[in-house]
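Each chain is listed here by its residues.
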Amino acid sequence: MKLAIRNGRVVDPASKVDERKDVFVDDGRIVAIGTAPHGFSAERTLDATGLIVAPGLVDLCARMREPGADGALKVESHAALAGGITGVVCPPDTDPPLDEPGLVRMLRQRSREAAGARLYPLGALTAGLGGEVLAEIETLAEVGCVAFAQTGSLPHDNSVLLQAMRYARTFDLPVWLRPVEDTLAGRGVAAAGAVAARLGLASVPDVAETVALHTVFELQRATGARIHLCRLSSSNGVELVRRAKREGLPVTCDVGIHHVHLIDVDIGYFDSNFRLDPPLRTSRDRDAIRAGLADGTIDAICSDHTPVDADDKLLPFDEAAPGATALETLLPLVLKWASESKVALLDALGKVSSTPGQILGEPTGRLALGAKADICIFDPAEPWRPEAAALVSHGKNTPFSGYELIGRARYTLVGGDLRFTRK
């Protein structure tokens, strides 16, 4: 379809463009920005007056509940579209884990059938994510896995991680790791500190993160493997990554959007909507995360979308399932952070579009001639409340339920196909 997007404010972090221009799409790709190509006749025109035309958001962590819950992928991928997200990375901690080529093929086929956001699967680094035996990494790469991850925590056996990093380096495959040392994290459900002590909750010290980071960096020095660190949560962890980057280690990292805004005090009196993994930490940690985003230590922001059934949240705090729905709140929460921290819109959107695209090594998250027309058109001033009735996702559990958020996707295009329109 030939499509014209007119009168919008085009904001493209990759090219540092922020000005009012028209965008023209043909055969799924951007064919012009500014002036229509000679002889171009639009079959459909979108009026973007008062709206921002940006690259579709690329979310580095969103659990789509498949394999595990039949039919969930279609719902969650359309929730992504409602949030202006055109690409989602699916971690391998599905049921069963993504450690076999057949499972990856099935997931990608269901994603195509769902016609929602693009899906980028992460393969399991170890069989069953058990941390003992390497998964079929090379074969998983051949069927479409963009990287390989060990979710939850590092493997118990450092020799397994060393072997995995050596193998990945041989084939130039990226390894994604959660910097958590599980013997230190234990069964903790809240960050160590005054709040956890007052509430009597089992806690997770920040050394569970920093010890893991020291391990990762030592093994990285020995192997030269490319590492992406998932969901930093502590000020000390941010500083360790900052030092590693100064040293020149090939490392990138992300942070979950909730940790950009919330702190442990927000748990209040055992509100399970704030039961997250990693747990919310102190205002000092939150401020360090914001500083790390500002100076480039932290490369990207992800939703860490984890839809949880209502019954699994209606439990005592330490028994409730961790996680929150976030696909549809990612964009307004990024805008909220940008406003509060006085971050330019170009830079803020880059954390959820062009930079995640670069981390994936995929040609997405940018508006450029010839690029796939993955586009988010949003109203930066629309107020709304993320209450159950307003959310597409199966998960209705968000710490921001009832809050007024500003900014909402109006149109979402994937490969030039208009897949979401807000009515």
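As the structure is a prediction and not an experimental result, all values here were calculated from the model.

Asker: Requested: an account of the overall build of the protein chain, with residues and values cited.
Answerer: A tally of regular secondary structure across the protein chain gives 14 helices and 18 strands. Its C-alpha radius of gyration of 21 Å places the protein chain within 12% of the 22 Å reference for a compact globule of 423 residues. Projecting the C-alpha coordinates of the protein chain onto the three principal axes gives extents of approximately 65 × 50 × 45 Å. Relative to its full complement of 423 residues, the protein chain shows a buried share of 58%. Within the protein chain, contacts between residues at least 6 apart in sequence are counted, and of these 74% link residues at least 24 apart. Where the 46 positive side-chain charges of the protein chain centre and where its 55 negative ones centre are 5 Å apart.

Asker: Kindly report on the pattern of salt bridges, identifying the contributing residues and their values.
Answerer: What the rule picks out here adds up to 24 salt bridges. Residue Asp304 is joined to Arg231 by a salt bridge in which the shortest nitrogen-to-oxygen separation is 3.4 Å. Within this pair, whereas Asp304 is found in the loop between strand 15 (300-302) and helix 11 (310-313), its partner Arg231 is found in the loop between strand 13 (227-229) and helix 8 (235-247), the two being separated by 73 residues in sequence. In this structure Asp304 comes out as buried when scored by relative accessible area, which is 12%. Under the relative-accessibility criterion, Arg231 is labelled buried at 5%.

Asker: Requested: an account of the sheet that holds strand 6 (residues 57-59), with residues and values cited.
Answerer: Taken together, eight strands build an open sheet; the order of strands is 6-7-8-9-10-13-14-15 and the sheet is parallel. Since the sheet does not close on itself, it has two edges, and those belong to strand 6 and strand 15, each with one partner. Averaged over all adjacent pairs, the angle separating strand axes in this sheet is 25 degrees, with direction ignored. Here strand 13 pairs with strand 14 (residues 251-256) via three bridges, running parallel. For Leu229, the partnering residue across the bridge sits in strand 14 and is Cys253. This element, helix 7 (residues 207-223), spans strand 10 (175-177), strand 13 and strand 14 of the sheet and lies at about 170 degrees to strand 13. Contacting strand 6, strand 7 (85-90) and strand 15, helix 12 (residues 330-341) crosses the sheet at an angle of about 135 degrees to strand 15.

Asker: Give a detailed account of a nonpolar patch on the surface, specifying residues and quantitative values.
Answerer: Side chains of Leu184, Val207 and Val211 sit close together on the surface and give an oily, nonpolar patch of about 190 Å² of accessible area. Residue Val207 is classed as partly exposed on the basis of its relative accessible area, which comes to 38%.

Asker: Pulling in residues and values, what's your account of unusual backbone geometry?
Answerer: At the junction of Glu66 and Pro67, the peptide bond is cis and its omega measures out at -10 degrees in the coordinates. For Pro67, the location among the structural elements is in the loop between strand 6 and helix 1 (72-82). Geometrically, the link from Asp95 to Pro96 is a cis peptide bond, its omega value of 5 degrees lying close to zero. When you line up the elements, Pro96 lands in the loop between strand 7 and helix 2 (101-114). With phi around 70 degrees, Asn7 is a residue other than glycine that occupies positive phi space. Topologically, Asn7 is positioned in strand 1 (residues 3-12).

Asker: Describe the side chain of Thr398, naming the residues involved and giving the relevant values.
Answerer: Here Thr398 is to be found in the loop between strand 16 (375-384) and strand 17 (405-414). A residue is classified by how much of its surface remains accessible, and Thr398, at 1% relative accessible area, is buried. Looking at Thr398, its side chain comes within polar contact range of the main-chain nitrogen of Phe400, at 3.0 Å. Look past the residues within four positions of Thr398 in its chain and what remains in contact with it is Asn273, Ala324, Thr325, Pro386 and Leu391.

Asker: Please provide a residue-by-residue account of empty space enclosed by the protein, values included.
Answerer: Remark: the empty space left among the atoms is shown by a probe the size of a water molecule rolled over them. Scanning the model with the defined rule gives one cavity of 30 Å³ or more in all. Looking at the largest cavity, its volume works out to about 60 Å³. Taken together, Leu60, Cys61, Pro91, Leu122, Ala149, Gln150, Thr151, Trp176, Leu177, Arg178, Cys230 and Arg231 make up the lining of the largest cavity. When contributions to the lining of the largest cavity are tallied by element, the ones reaching two or more residues are strand 9 (147-150) and strand 10. Per-class residue counts for the lining of the largest cavity are eight nonpolar, two polar and two charged.

Asker: Break down the packing of helix 4 (residues 158-170) against helix 7 for me, citing the residues and quoting the values.
Answerer: The contact between helix 4 and helix 7 brings their axes to 10 Å, and the two run at 45 degrees. As summarised for this structure, helix 4 and helix 7 are arranged oblique, according to the angle between their axes. Where helix 4 crosses over helix 7, the two elements pack in a sense that is right-handed. Of helix 7, the residues touching helix 4 (which contributes Asn158, Leu161, Leu162, Met165, Arg166 and Arg169) are Thr215, Val216, Leu219, Gln220 and Thr223. Considering only residue class, the contact of helix 4 with helix 7 consists of five nonpolar, four polar and two charged.

Asker: Any details on the nonpolar core? Residues and values, ideally.
Answerer: Phe217, Leu229 and Ile301 are the most contacted members of the largest nonpolar core, which totals 97 residues. The biggest single contributor to this core is helix 12, with seven residues. For Leu229, the contacting residues outside a window of four places in its chain are Leu177, Leu213, Val216, Phe217, Val241, Val251, Thr252, Cys253 and Asp254. Counting 17 residues, the second-largest nonpolar core is a separate cluster that includes Val10, Val23, Val25 and Ile377.

Asker: Mind laying out the environment of Ala324, listing which residues take part and the relevant values?
Answerer: Structurally, the position occupied by Ala324 is in the loop between helix 11 and helix 12. Residue Ala324 is classed as buried on the basis of its relative accessible area of 2%. For the pair formed by Ala324 and Asn397, sequence separation is 73 residues and the distance between their alpha carbons is 5.4 Å. In this view, Ala324 contacts His258, Leu276, Asp304, His305, Thr306, Asn397, Thr398 and Pro399; residues no more than four positions away in its chain are not counted.

What counts and what doesn't
Residues numbered from 1 in each chain as written. Predicted model: local features only at pLDDT ≥ 70, side-chain atom pairs only at ≥ 80, totals over all residues. Heavy atoms only, no water. Helix = DSSP H or I, 4+ residues; strand = E, 2+ residues; numbered from the N terminus. Rg over C-alpha atoms; globule rule 2.2 N^0.38 Å. Buried < 20%, exposed > 50% of the residue type's maximum accessible area, 1.4 Å probe, protein only. Contact = heavy atoms within 4.5 Å. Lys, Arg positive; Asp, Glu negative; His and termini not counted. Charge placed at Lys NZ, Arg CZ, Asp CG, Glu CD. Salt bridge = Lys/Arg side-chain N within 4 Å of Asp/Glu carboxyl O. Pairing = 2+ DSSP bridges. Axes fitted to C-alpha atoms, helices over the stretch in contact; angles between N-to-C directions. Patch = residues over 30% accessible without salt bridge, like charges linked within 9 Å, V, L, I, M, F, W, Y side chains within 5 Å. Areas by Shrake-Rupley, 256 points an atom, 1.4 Å probe, with all protein chains shown as cover. Polar contact = N/O pair within 3.5 Å; in protein donor to acceptor, adjacent residues only side chain to side chain. 1 Å grid on protein atoms, 1.4 Å probe; cavity = no way out; pocket = protein on both sides within 12 Å on 5 of 7 lines; lining within 4 Å. Points joined across faces, edges and corners; volume = space filled by probe spheres on them. Nonpolar A, V, L, I, M, F, W, Y, C, P; charged D, E, K, R; others polar. Parallel < 35°, antiparallel > 145°, perpendicular 65-115°, else oblique. Left-handed = near helix turned anticlockwise from the far one by under 90°. Core = buried A, V, L, I, M, F, W, Y, C linked by side-chain atoms within 4.5 Å.

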